[in-house]
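Residue-level structural notes
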Amino acid sequence: MSFAHLHVHTTYSIFDGLSSITELFEKAESLGQPGLAITDHGFLYGVPEFMKVAEKHPSVKPVIGCEIYLAGQKKYFHLILLAKNLTGYRNLLKICSEAAVYGQYRGKPRASHEYLKQHHEGLIALSACIGGEVPSKILNDDRQGAEEAVLWYKQVFGEDFYLEVSQHKSRKPGYGTRLLDMQKTANGTVFALGEKYGIKVVATNDVHFVNAEDASAQDTLLCTSTGKLLSDKERLCYTGEEFLKSEEQMLEIFPEHPEAIANTMEVLDKIERFSIWSRPQLPQYPIPEKFKDADDALRGKVYWHLEDLGLKGNEEYEARIEKELSMIRERHCADYFLIVSDLCEKVWERGGVVGPGRGPAASLLVNYLIGITEVNPMEFGLIPERFFSYNLDILPDIDIDFNEKGQEIAAEYLAEKYGADNVARLGTYEKYSAQAAMEASFKAHGLGNKATQKCRKASKAEKLAMAEACKIEGGIRSIGVHSCGWLLSRKPIAEYVPLTLHTDSETGQEIVISQYDSHYAEDCGPVKMDLLSFPALSAAALSEPEDLNDKDTMELFAKGDTVGVPQFESEGMREFLRKVKPEKFEHLVALNALYRPGPMDRIGLFASLKNGLGKDLHFIHDDNPFTNLHKYTDETYGMIIYQEQLMSIVSGIASFSLEDLRKLRKFAGPFNIHQMIDGQWVDVLEYLGRKFVERGVDNGYDRKLLEQFWDGFVCTDKAAYLFNKSHAVCYTLTAYRLAYLKVHESALFHAVTEA
């Protein structure tokens, strides 16, 4: 015989769940239990983390489920649903989304019997705790109603309907036996009904915390949720028995019904292992008839704009275009570029403002030509390798800035173009920080605000409150909405991730958001669209500089007269502007990249190099000692400031792959990061360094110089703080436009920026 817990609440049962998913799997594995379910209250928030953690514990089969609320004559009944397979999981998504979006009643997402019947395929149902329909009717002396409910569930689910029993004798002094008496009454009739109608019974423990010793911390969490004190005798509390028990402990609870323990294995055997993860499920962009597919349409659009700029036939541009289109084709994401391009066009057409670009998206010439960005990467030394991931299954990330009106237009247009059901806002989770957990625990213990006081010696009560706070820390505290994240998919979002409602704190309106957050939602199929609000764009759009090196505008920067110019208006930045005395746009880009913790210490060197000091200061230090690669650092006087510079130098010497370049960009610095590479755990930088040196030697470079560069730059703080040049260029462009407006249209500048 063996046993699996099929009714388990994690920290994602926000009201009363304390269980860490990692600790649940670790304990289930240590107990030799072959399976573990997740059945949080009403929502599926924790499912992605549950499945990720399950990958590290292959001996424990993960069971995706939910304790849903089923609409009843009064308020609602509980029901446990478990997904047998991918079909069942998809139906569970639909049921939980329908209940959360359309069936909410006083904060509880209720599903209807009819909707459950329509979407029961692939699902196993358990009758739940005493809050379930069957035991509730038993306890209300409605035996006939209980039997009718049993027959209804049996008709809908057939042999996949099981009756459920649980039993908790309180470990807490003064708690009484009321719950236990109710459970025993319900259980006796449940076993009788099971025998009468040939329905098997399974035993569960309604798990809310992992270990018995966690009971007091769960009690504290419950007080936090209900706004009660632990000293309140009339408050809601649990028995202290709702932890992840062993098979032996469960047999002790039901010694006369060992079959209820064994039946959990029958349920587990019915459940298949399946994946919830998916490649990006992009909507198919409508393709004009003259093009055969999205790749062909994207190529046509790119070359049409190239010709419009008078650059058709330019070998350098066309070679770059073909390289980028090939990388896009490999990733099967031409639709994505067409969707984003169309979105930007529509925002402009409808009176919104789109930013010049954001992040590595500005590295692509394709993006520039189809109107996604306004930065020509050929003019700024931006490279496509900074944009694309080596993983062909990962969709490139194009973030877009809009003014406030533009953000609204963009969101409305996506719903209009692709269907309201195919678009949703992205949900977020707020976790208990150490401070928040401490304050909540101290409050529940009646210790007021002592958590924020510095105490040399804590009392016994304070020590207990602190210990419980440590168990609450990191748990889910609340659900929110991502400020700029939207999800877009080919089919309705609810076919990939569950949805719920969220009340906007500013407008009071209810909006549909995903139950999965940004860490996981994208991995399940929908595409994440970052539509960011950048209010300064409204004013920047009024500026039309003739060139990016306007003398009067540069003088304004050199004087540090940049109040009202984003990125350049802090007192520290203004001081550095006066020190550097920028004379051209590239100087501003460099300052923008350097003015942040870490590289800020190098601004003094940059100022000295830029201003000459009466010497030829090119390459007086060893940032870039390779004379044939000085072209990458000419504009920064030999300094390596940008990630793109390091990537270009290393590729020029050692022809690194996209994967190696990503590792270099991510791990450069004085770190000892180990990863599994070619079946072995290795120090990433040491591995890359060997490859760099050996390939460099093969390509005719001096070994000593290569080692000096790797150890003296790549493995130091200087490399750790390199910045994304494409992002610096885009944001500097917006700042420059505002500065130009301040110089040439001063009254207009002050009117729009003060407004």
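Residues numbered from 1 in each chain as written. Predicted model: local features only at pLDDT ≥ 70, side-chain atom pairs only at ≥ 80, totals over all residues. Heavy atoms only, no water.

1. Regarding the overall build of the chain
This is how the line gets drawn: Here a helix means four or more residues in a row that DSSP labels H or I, a strand means two or more in a row labelled E, and each is numbered from the N terminus. Only protein chains enter the accessibility calculation, which uses a 1.4 Å probe; a residue is then buried when its area is under 20% of its type maximum, exposed when over 50%, and partly exposed in between. Contacts between residues were defined by any pair of non-hydrogen atoms, one from each residue, lying within 4.5 Å. To be clear on the numbers: accessible area is Shrake-Rupley with a 1.4 Å probe, and residue cover counts the displayed protein chains and nothing else. Lys and Arg are tallied as positive, Asp and Glu as negative. Neither His nor the chain termini are counted. The atoms used to mark charge sites are NZ of Lys, CZ of Arg, CG of Asp and CD of Glu.
Counting its regular elements, the chain contains 30 helices and 16 strands. Considering only C-alpha atoms, the chain reaches an extent of 95 × 70 × 60 Å along its principal axes. Scored against the burial criterion, the 755 residues of the chain give a buried share of 55%. When contacts within the chain are restricted to residue pairs at least 6 apart in sequence, those whose partners lie at least 24 apart make up 75%. For the chain, the computed accessible surface area is about 32,800 Å², with 47% contributed by carbon and sulfur atoms. In the chain, the 84 positive side-chain charges and the 110 negative ones have mean positions that sit 4 Å from each other.

2. Observations regarding the environment of Pro258
Relative to the assigned elements, Pro258 resides in helix H10 (residues 258-270). For Pro258, a relative accessible area of 32% translates into the label partly exposed. The sequence separation of Pro258 and Arg737 amounts to 479 residues, and the corresponding C-alpha distance is 76 Å.

3. Some words on the side chain of His727
Its location among the elements puts His727 in helix H29 (residues 725-744). Not counting the four nearest positions on each side in its chain, His727 is found in contact with Arg358 and Gly359.

4. Considerations on unusual backbone geometry
Among all residues except glycine, the phi angle is most often negative; among peptide bonds, the trans geometry is most common. Phi is positive for Arg106, close to 50°, though the residue is something other than glycine. Following the sequence through the fold, Arg106 ends up in the loop between strand E4 (104-105) and strand E5 (108-111). In this structure Arg106 comes out as exposed when scored by relative accessible area, which is 68%. One non-glycine residue, Ala128, lies in the positive phi region at around 80°. Turning to its location among the elements, Ala128 is positioned in the loop between strand E6 (123-126) and helix H5 (133-139).

5. Things to note about the confidence of the model for the chain
To be explicit about the condition: Each residue carries a pLDDT score, the predictor's confidence in it, ranging from 0 to 100.
When the pLDDT values of the chain are averaged, the result is 93; 97% of them are 70 or greater. Ignoring residues within four places in sequence, the model shows residues 614-621, a span with pLDDT below 50, making 18 contacts including any to other chains.

6. What to know about the sheet that holds strand E14 (residues 527-533)
Inclusion rule: Pairing between strands is defined by DSSP: at least two bridges between them are needed. Fitting a line to C-alpha atoms yields each axis, with helices limited to the stretch in contact; the angle taken between N-to-C directions then spans 0 to 180 degrees.
Across the sheet, 6 strands lie side by side as E9-E14-E11-E10-E13-E12; this open sheet has mixed pairing. Looking at strand neighbours, the two that pair on one side only are strand E9 (400-402) and strand E12 (499-503), the edges of this open sheet. On average, each strand axis in the sheet is tilted by 55° relative to the strand beside it, whichever way the strands run. Here strand E10 (residues 423-431) runs beside strand E11 (residues 476-488); their pairing, made up of 8 bridges, is antiparallel. For Tyr429, the partnering residue across the bridge sits in E11 and is Ile479. Where helix H3 (residues 86-102) meets the sheet, its contacts fall on E12 and strand E13 (510-517), and the angle it forms with E12 comes to roughly 25°.

7. Some words on the packing of H29 against helix H30 (residues 746-754)
Selection criterion: Roughly parallel means an angle under 35 degrees; roughly antiparallel means over 145; roughly perpendicular covers 65 to 115; every other angle is labelled oblique. Residues were grouped as follows: Ala, Val, Leu, Ile, Met, Phe, Trp, Tyr, Cys and Pro as nonpolar; Asp, Glu, Lys and Arg as charged; and all remaining residues, including Gly, as polar.
Direction vectors running N to C along H29 and H30 enclose 125°, while the axes themselves pass 5 Å from each other. It follows that H29 is oblique to H30 by the angle criterion. Contacts between H29 and H30 involve Leu738, Leu741, Lys742 and His744 on the former and, on the latter, Ser746, Leu748, Phe749, Val752 and Thr753. Its residues assigned to classes, the contact of H29 with H30 comprises 5 nonpolar, 3 polar and 1 charged.

8. As for helix H24 (residues 643-654)
Counted only if it meets this: Between the first and last residue of a helix there are one fewer steps than residues, each counted as 1.5 Å, and that sum is the expected span.
An ideal rise of 1.5 Å per residue puts 16 Å on 12 residues; H24 measures up with 16 Å between its terminal C-alpha atoms. Across the 12 residues that make up H24, a large majority, 10, are buried. Turning to H24, its buried residues number three or more, namely Gln643, Glu644, Gln645, Leu646, Met647, Ser648, Ile649, Val650, Ile653 and Ala654. Lining the buried residues of H24 we find helix H25 (658-667), helix H26 (684-698), helix H27 (703-714) and H29. Of the residues trailing H24, Ser655 is marked for its positive phi of about 50°.

9. Here we look at the packing of aromatic side chains
Rules: Only rings of Phe, Tyr and Trp enter the pairing, Trp through its six-membered ring, and a pair is recorded when the two centres are within 6.5 Å. The plane angle decides the type: under 30 degrees is stacked, over 60 is edge-to-face, the rest tilted. For a Lys NZ or an Arg CZ to count as sitting over a ring, it must be within 6 Å of the ring centre and within 35 degrees of the ring normal.
All told, the structure shown has 24 aromatic pairs when counted by the stated rule. Ring geometry for Trp152 against Tyr153: centres 5.2 Å apart, planes inclined by 80°, an arrangement best described as edge-to-face. Both rings, one in Phe626 and one in Tyr701, keep their centres 5.7 Å apart while their planes meet at 90°; by these two values the pair is edge-to-face. Here Phe626, found in the loop between helix H23 (603-611) and H24, pairs with Tyr701, found in the loop between H26 and H27; they are 75 residues apart in sequence, far enough to count as distant. Both residues of the pair, Phe626 and Tyr701, count as buried. Through a chain of ring-to-ring contacts, three or more aromatic side chains come together here, namely Phe626, Phe692, Tyr701, Phe709, Trp710 and Phe713. The lysine or arginine in question, Lys52, covers the ring of Trp277, its NZ or CZ lying 4.6 Å from the ring centre. The lysine or arginine in question, Arg425, covers the ring of Trp486, its NZ or CZ lying 4.0 Å from the ring centre.

10. As for the environment of Ser543
Mapped onto the fold, Ser543 is located in the loop between helix H19 (536-540) and helix H20 (551-559). The residues contacting Ser543, other than those within four sequence positions of it, are Arg737, Tyr740 and Leu741.

11. Section: the pairing of strand E3 (residues 76-83)
Burial analysis of E3 places 7 of its 8 residues in the buried class, which makes it a mostly covered element. Where strand E2 (residues 61-71) lies against E3, 7 bridges are found, and the strand directions are antiparallel. Looking at the pairing, Glu67 lines up with Ile80 of E3. Examined bridge by bridge, E3 and E6 share 4 bridges and lie antiparallel to one another. Bridge pairing in E6 places Ala83 opposite Leu123.

12. Concerning the nonpolar core
In a soluble, globular protein the nonpolar side chains are often hidden away together inside. How we decide: To define a nonpolar core, start from buried Ala, Val, Leu, Ile, Met, Phe, Trp, Tyr and Cys residues and group those joined through side-chain atoms within 4.5 Å.
Within the largest apolar cluster, 82 residues are counted, with the highest numbers of intra-cluster contacts made by Leu81 and Tyr516. The dominant element in this core, judged by the number of residues it contributes, is H3, at 8 residues. When near neighbours in sequence (up to four residues on either side) are disregarded, Leu81 contacts Ile64, Gly65, Cys66, Ile68, Leu92, Ile95, Leu116, Leu123, Ile124, Ala125 and Phe157. Core analysis: the next-biggest nonpolar cluster, separate from the first, contains 50 residues, Leu369, Leu414, Leu488 and Met529 among them.

13. Brief notes about the pairing of E14
With 6 of 7 residues buried, E14 lies mostly within the body of the structure. When E11 meets E14, the two strands line up antiparallel, connected through 4 bridges. Residue pairing across strands places Gly485 opposite Asp530, the latter belonging to E14.

14. Examining the packing of helix H13 (residues 334-349) against helix H16 (residues 404-418)
Each pair of packed helices can be described by the angle between their axes along with the distance between the axes. The condition that has to hold: Note on convention: near helix rotated counterclockwise from far helix by under a right angle means a left-handed crossing. Clockwise means right-handed.
Interhelical geometry of H13 versus H16 gives an angle of 125° and a closest axis separation of 9 Å. Between H13 and H16, the crossing angle belongs to the class labelled oblique. In the crossing of H13 with H16, the sense of the turn from one axis to the other is right-handed. Contact residues: Ile339, Asp342, Leu343, Lys346 and Val347 in H13; Gly406, Ile409, Ala410, Tyr413, Leu414, Lys417 and Tyr418 in H16. Its residues placed into classes, the contact of H13 with H16 shows 8 nonpolar, 1 polar and 3 charged.

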